[in-house]
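# Inside the fold
Given next are the chains, with one letter for each unit.
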Amino acid sequence: QPNNSGWVTGSGQVGSGSDNPPRAGDLDNNDPVRGFISFDMSQIPQGALIEDARLILPNANPDLEQMNDPFGGLGCLSIEALSYPLPLDTSAYDEFSYPIDCYSGPPTDIDVLIDIEEALDLEFSEVQFRLNFELDSDDNSIACLYILNGAPRLEVTYSNKSVRAG
């Protein structure tokens, strides 16, 4: 759902929709940027047993998806699970989250099984993720960004045969 994914800056700019892919890093004015990804979970039946869940990010192409080595200047890229209001707005920037992992290079395949189970247990209609770097800015007045130019995917394997225990 492109309108529910995008990015928010520390100063309050919001970009969402297909023309504003999720991105993380900092802008040339040192304003930090955090990326947001949201997936509709309505296709997963109530009570399904989740066997596997993976967040698949587009293959990293340094020429297209990175500006000025954000991993070198801003530290590791944190992937976090959270729940933010829809449509995406400035409140998502500081919304409480649960860290999944931190990556020293572009991640492609992230285990989100626990996060999907939690979202289903809490009866969320969407599962949402935030991308942000360890450091908000490197204060060098040069944009350093990691941009998801391809569409991220959520792959969930489940069974209807067993009821999940809460």
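Small disclaimer: the values here were computed from a predicted structure and weren't measured.

### As for the overall build of the chain
Across its full length, the chain carries three helices and 12 strands. Taking 15 Å as the expected radius of gyration for a compact globule of 166 residues, we find that the chain reaches 16 Å, a close match to that expectation. Taking the principal axes of its C-alpha atoms as reference, the chain extends roughly 55 × 25 × 25 Å. Residues classed as buried in the chain amount to 46% of the 166 residues present. Expressed as a percentage of contacts within the chain between residues at least 6 apart in sequence, the contacts between residues at least 24 apart total 78%. Carbon together with sulfur atoms contributes 47% to the accessible area of the chain, which is approximately 8,300 Å² in total.

### As for the pairing of strand β3 (residues 23-26)
Burial along β3 is two-sided: Arg23 and Gly25 facing one way and Ala24 and Asp26 facing the other are all buried. In this structure, β3 lies alongside strand β11 (residues 144-147), joined through four bridges in antiparallel fashion. By the bridge assignment, alanine 24 is partnered in β11 with tyrosine 146. Pairing of β3 with strand β4 (residues 32-40) involves two bridges; the strand directions are antiparallel. Opposite glycine 25, over in β4, you have valine 33 as the bridge partner. Counting the residues that bridge the hairpin from β3 to β4 gives five residues, and of these asparagine 30 lies at a positive phi of roughly 70 degrees.

### A look at the sheet that holds strand β12 (residues 153-159)
The strand order across the open sheet formed by three strands is β9-β5-β12, and the pairing between neighbours is antiparallel. Each of the sheet's edge strands pairs with one partner strand only, and the pair in question is β9 (109-111) and β12. With direction set aside, neighbouring strand axes in the sheet form an average angle of 25 degrees. Inspection of the sheet shows strand β5 (residues 49-56) paired to β9 by three bridges, in the antiparallel sense. Opposite arginine 54, over in β9, you have aspartate 111 as the bridge partner. Contacts between helix α3 (residues 113-121) and the sheet are confined to β5, β9 and β12, with β5 contributing the most and set at about 120 degrees to the helix.

### What about the environment of aspartate 138?
In this fold, aspartate 138 is placed in the loop between β10 (126-133) and β11. Exposure remark for aspartate 138: the relative accessible area of 23% places this residue in the partly exposed category. Counting along the chain gives 58 residues from aspartate 138 to glutamate 80, while the straight-line C-alpha distance between them is 21 Å.

### A closer look at the state of the cysteines
Applying the stated criterion across every chain yields a total of one disulfide. Between cysteine 76 and cysteine 102 runs a disulfide, and the two sulfur atoms are separated by 1.8 Å. In this structure the cystine formed by cysteine 76 and cysteine 102 twists about its S-S bond by roughly 80 degrees; its chirality is therefore right-handed. Here the residue cysteine 76 occupies a position in the loop between α2 (70-74) and β7 (77-82), and cysteine 102 occupies one in strand β8 (residues 97-103), the gap between them amounting to 26 residues. Cysteine 102 gets classed as partly exposed once you look at its relative accessible area, which sits at 33%. With no disulfide partner, cysteine 144 has as its closest neighbouring cysteine sulfur the one in cysteine 76, 15 Å distant.

How each quantity is defined
- Residues numbered from 1 in each chain as written.
- Predicted model: local features only at pLDDT ≥ 70, side-chain atom pairs only at ≥ 80, totals over all residues.
- Heavy atoms only, no water.
- Helix = DSSP H or I, 4+ residues; strand = E, 2+ residues; numbered from the N terminus.
- Rg over C-alpha atoms; globule rule 2.2 N^0.38 Å.
- Buried < 20%, exposed > 50% of the residue type's maximum accessible area, 1.4 Å probe, protein only.
- Contact = heavy atoms within 4.5 Å.
- Areas by Shrake-Rupley, 256 points an atom, 1.4 Å probe, with all protein chains shown as cover.
- Pairing = 2+ DSSP bridges.
- Axes fitted to C-alpha atoms, helices over the stretch in contact; angles between N-to-C directions.
- Disulfide = S-S within 2.5 Å.

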